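# Summary of structural features
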Amino acid sequence: LVYTFNIRRGVRFHNGRELKADDFRYSFERVLNPKTKSERVWVFEKIKGAKEFNKGEAMAVSGIEVLDDYTLRLTLEKGFPPFLSVMTYNSANVVPREEVERWGEDFTSHPVGTGPFKFVEWVHDDHVTVEKFDDYWKGRPYLDRIIFRVIPEEATRFEEYKAGNLEHVDIPSGQFMQVKADMVLSKELREWAILGTYYIGFNMTKEPFGGRDWNSENKRKLRQAMNYAIDRDAIINVILEGRGIKAAGVLPPLMPGYNPKLQGYSYDPERARTLLREAGYADGRGLPPITLYHNTSETHRKVMELIQAQLAQIGVRVEVRSMDWAAYLKALDVGEFQMFRLGWIADYPDPENFLTVLLHGRNSGAGGNAAFYNNPVVNQALDRADNTVVWREREAFYRHAEELISRDAPWIPIYHYFSTVLVKPYVKGVKLSAMDTSTNWLVQPLEEIWLDR
Amino acid sequence: LLVYIVRRLFATVPVLFGVTLVIFILTFVAPGDPVLALFGQPRADPETVASIRREYNLDKPYPVQYFLYVGKLLRGDLGRSYRQRLKVSEIILDRLPKTARLTVAAMVIAISVGVIAGIISAVKQYSFIDGIVMVGSLLGVSTPVFWSGMMLILVFSSVLHDQIPLIKYIPRLPISGYGGGDLRYLILPAAALGLLSMGYIARMTRSSMLEIIRQDYVRTARAKGLAERVVIYRHTLKNALIPVATVLGLTFADLLTGAPLTESVFAWPGMGRAIVAAVQVRDLPVVMGISLFFALIYIFVNLIVDISYAYLDPRIRYD
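About the cut-offs
Residues numbered from 1 in each chain as written. Chains lettered and ligands numbered in written order. Predicted model: local features only at pLDDT ≥ 70, side-chain atom pairs only at ≥ 80, totals over all residues. Heavy atoms only, no water. Helix = DSSP H or I, 4+ residues; strand = E, 2+ residues; numbered from the N terminus. Rg over C-alpha atoms; globule rule 2.2 N^0.38 Å. Buried < 20%, exposed > 50% of the residue type's maximum accessible area, 1.4 Å probe, protein only. Contact = heavy atoms within 4.5 Å. Areas by Shrake-Rupley, 256 points an atom, 1.4 Å probe, with all protein chains shown as cover. Lys, Arg positive; Asp, Glu negative; His and termini not counted. Charge placed at Lys NZ, Arg CZ, Asp CG, Glu CD. Buried area = accessible area lost by both parts, 1.4 Å probe. Salt bridge = Lys/Arg side-chain N within 4 Å of Asp/Glu carboxyl O. Polar contact = N/O pair within 3.5 Å; in protein donor to acceptor, adjacent residues only side chain to side chain. Nonpolar A, V, L, I, M, F, W, Y, C, P; charged D, E, K, R; others polar. Core = buried A, V, L, I, M, F, W, Y, C linked by side-chain atoms within 4.5 Å. Pairing = 2+ DSSP bridges. Axes fitted to C-alpha atoms, helices over the stretch in contact; angles between N-to-C directions. Left-handed = near helix turned anticlockwise from the far one by under 90°. 1 Å grid on protein atoms, 1.4 Å probe; cavity = no way out; pocket = protein on both sides within 12 Å on 5 of 7 lines; lining within 4 Å. Points joined across faces, edges and corners; volume = space filled by probe spheres on them. Parallel < 35°, antiparallel > 145°, perpendicular 65-115°, else oblique.

Attention now goes to the overall build of chain A. Check the secondary structure of chain A and you find 14 helices and 15 strands. Taken over the C-alpha trace, chain A has a radius of gyration of 24 Å; the compact-globule value for 453 residues is 22 Å, and the two agree within 12%. Principal-axis analysis of the C-alpha atoms gives chain A an extent of 70 × 60 × 40 Å. Relative to its full complement of 453 residues, chain A shows a buried share of 54%. Here the analysis covers contacts within chain A between residues at least 6 apart in sequence; of these, 66% occur between residues at least 24 apart. Surface summary for chain A: the accessible area is close to 20,300 Å², and the carbon and sulfur share equals 49%. Across chain A, the 59 positively charged side chains and the 63 negatively charged ones have centroids separated by 3 Å.

Structural data, given as structure tokens:
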């Protein structure tokens, strides 16, 4: 598959130099260069010759060709429809070679790009300042300057916002209802669904949920029973104060390929008990000790404790334990847990980023598939989906895969993420999308924001 | 005295090595992989992870890693942050003045308020003021910074401020941040941090004063007709401050370690914040560097305290 990009003329870097096709080649090869040791090699790995170059076996990436100053041609190993979405990921941003070489390791502290705002200063743990870039290709932005303040304590941020010192803020945990009831704040509230899923994973290589016979009827019934035992509404209403959408499957509702007809598992303790009995564990008898792990966080702890209580209702006793993030990731990679919680927020809006990354057998462990779920039929369906160009056919493959996954129940999908922020009423031009989160406005065009006061 | 100082300084070398070893064991051997924590799990390709690990020497056995670290340390190289790619020495130099400002200001507040309150309540023992000071100091000692900090923000700088009688006439203070060095930004965090030691210092001054006031020479001073003010300031206070000086040294260390919380509540960009963030992502060179630096300060402050005894009590000699 070949993509030919015509590069817009007159796009300038913040240092004044015009952006040319060769800058794309340089920036992509910089990530792929083994000397860079980038952890984002996967962004470009589908380009022809990328792997050879990354291993140091080739001098250049054969799939990246600069035809002239304003034409770039990318050739892929084989058809991979998510590619254009992947190219929007921030590791594919273009950087000017002269600045990278000038600053070396310190380039991270002196970033230069082509966006509407240029970097001014970064006082670590205090603030980042950017200011308007007059030569921005769409014309200069409305705002003269944006200051991003770093305030670790959510209560402090909230006070700064209420005192009028911040234009936008996230809502401290446990305060959402209060904000909703507040005459002023409720009018400044914005809520929107984002592309994320919160789930409990079963380890498909460990007893009692998995193992060599993970595919047996009994084990499947055990996992399904656990799914039926969870009252997702209670979790969303009690702990998240309504900020979440009940999850039936893996894909969040706004993701292309989302299947509104997917049944999933609704709260049905009777059915859960029946399935548990059929699995050979009537009222939980005969189950080995089970530990449910989560990474340390107040909200996760509350969710886990509610899940623990709900599972106890059908007779399944689990112990809840937490670990800090760094230790947690390592344990997940090697598949240490029987049962764990995780969440995933899209890197780019394509179902491949959820289904293939999180549930393809090839990505088991560090690749993203923390459940070590490896069903050859699902793998095959996902491979075909990832390489099919026509969307309708692709979608059908993904739906098929998601249905099989749902039946096998390697996860207990809990909820899809919701984002909420407060934005001052005089801030105009805010268009938050499913790719923006409350603290990270990734897609929001900053050049369109203006202040009406 | 000079000989004493030099000897003490030499003695710090083995202490510092002990510190490096303990911190090394705690950070490097603790569970959790810095490379995974930092570099985007999932999807970090195993070969890349391995090469990053090689770059940072994390693939070598722990003792080898330790000696490599100490070897660099002896050449004055604290290494580079895994996460920010900045030199650890640069991070410390950037953060130190900010934490120092906060700590020193907190000390000044704690000492001035604490010592004065202590003197007053000692002189007016069992009076109403004494009662207030003692209850207040108890509250100060037992209130965690994140609570007292939030309360200070609510009272002095939030929207609520405008509704509190009397206080509403004081201009609102900034809530958080460094403000590029603006002194108004320093007041609340310094007060919150100082509050912790203030009560301690007040109680210490009071009990030490009370003890001295009952000494014979104070009675003699009073008997020869000296003014009460001279008795208190010249004869009592100076002697009463010796135990307080010890406490001050320890207090300073307490403040340094208390700084991470205060810095979080008030978004103060100091060393405490840097080390907390570094621990979370296992940014080992930063954790090691800042911990070592804290240890160094601790040792140094204790040295100063010991030396200050000589000034406060001429009977103490160093030889």
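Moving on from the coordinates now.
At the interface, 43 residues of chain A touch 42 residues of chain B. Summed over both sides, the interface of chain A with chain B buries roughly 3,600 Å², with 53% coming from carbon and sulfur. Our count for the contact surface shared by chain A and chain B stands at 6 salt bridges. Of the charged contacts, one joins glutamate 105 of chain A and arginine 80 of chain B as a salt bridge, the two residues approaching to 3.6 Å between their closest N and O atoms. Scanning the region where chain A abuts chain B turns up 7 residue pairs in polar contact (both at pLDDT 80 or more). Here the residues of the side of chain A that touches chain B sort into 15 nonpolar, 11 polar and 17 charged.

If you look at the biggest cluster of nonpolar residues, it comprises 85 residues, and the most contacted ones within it are Ile307, Leu311, Val316, Met339, Phe340 and Ile414 of chain A. With near-sequence residues (within four places) excluded, leucine 311 of chain A lies in contact with Met226, Ala229, Ile230, Val316, Val318 and Met339 of chain A. With 50 residues, the next largest nonpolar core counts Leu38, Tyr56, Leu186 and Leu256 of chain B among its residues.

Two orientations exist for strands paired in a sheet by backbone hydrogen bonds: parallel and antiparallel. Residue and element names in this part refer to chain A. The strand order β1-β3-β2 describes an open sheet built from 3 strands, whose pairing is antiparallel. Of all the strands in the sheet, the pair left with one neighbour each is β1 (2–6) and β2 (64–68). The mean angle between the axes of side-by-side strands here comes to 20°, regardless of whether they run parallel or antiparallel. Here 5 bridges tie β1 to strand β3 (residues 71–75), and the two strands are oriented antiparallel to one another. Directly across from asparagine 6, in β3, lies its bridge partner threonine 71.

Time to look at the packing of helix α12 (residues 352–359) of chain A against helix α13 (residues 376–387) of chain A. Residues and elements named next belong to chain A. As a packed pair, α12 and α13 sit with axes 10 Å apart at the nearest point and diverge in direction by 145°. The chirality of how α12 crosses α13 is left-handed. Of the residues in α13, those in contact with Glu352, Leu355, Thr356 and Leu359 of α12 are Asn379, Leu382 and Asp386. Class assignment for the residues of the contact of α12 with α13 results in 3 nonpolar, 2 polar and 2 charged.

This part takes up the sheet that holds strand β6 (residues 145–149) of chain A. Residue and element names in this part refer to chain A. Reading across the sheet, the 3 strands line up as β4-β5-β6 and stay open at both edges, with antiparallel pairing between neighbours. Every other strand in the sheet has two partners, leaving β4 (117–123) and β6 as the edge strands with one partner each. In this sheet, neighbouring strand axes are inclined to one another by 20° on average, regardless of whether the strands run parallel or antiparallel.

Let us look at empty space enclosed by the protein. All names here are of chain A. Considering all chains together, one arrives at 2 cavities of 30 Å³ or more under this definition. Put simply, the largest cavity is a space of about 90 Å³. Of all the secondary-structure elements, those providing two or more residues to the lining of the largest cavity are α14 (391–408) and β13 (411–423). Of the residues forming the lining of the largest cavity, the biggest block, 3 residues, is contributed by α14.

Residues and elements named next belong to chain B. Running from amino to carboxyl end, helix α1 (residues 2–28) crosses helix α4 (residues 62–74) at an angle of 135°, the nearest separation of the two axes being 11 Å. The angle between the axes of α1 and α4 places the two elements in the oblique class. Handedness of the α1/α4 crossing: right-handed. Taking contact as the criterion, the partners of Phe17, Thr20, Leu21, Phe24 and Phe28 in α1 are, on α4, Tyr62, Gln65, Tyr66, Val70, Leu73 and Leu74. Each residue belonging to the contact of α1 with α4 can be placed in one class, and the counts come to 9 nonpolar, 2 polar and no charged.

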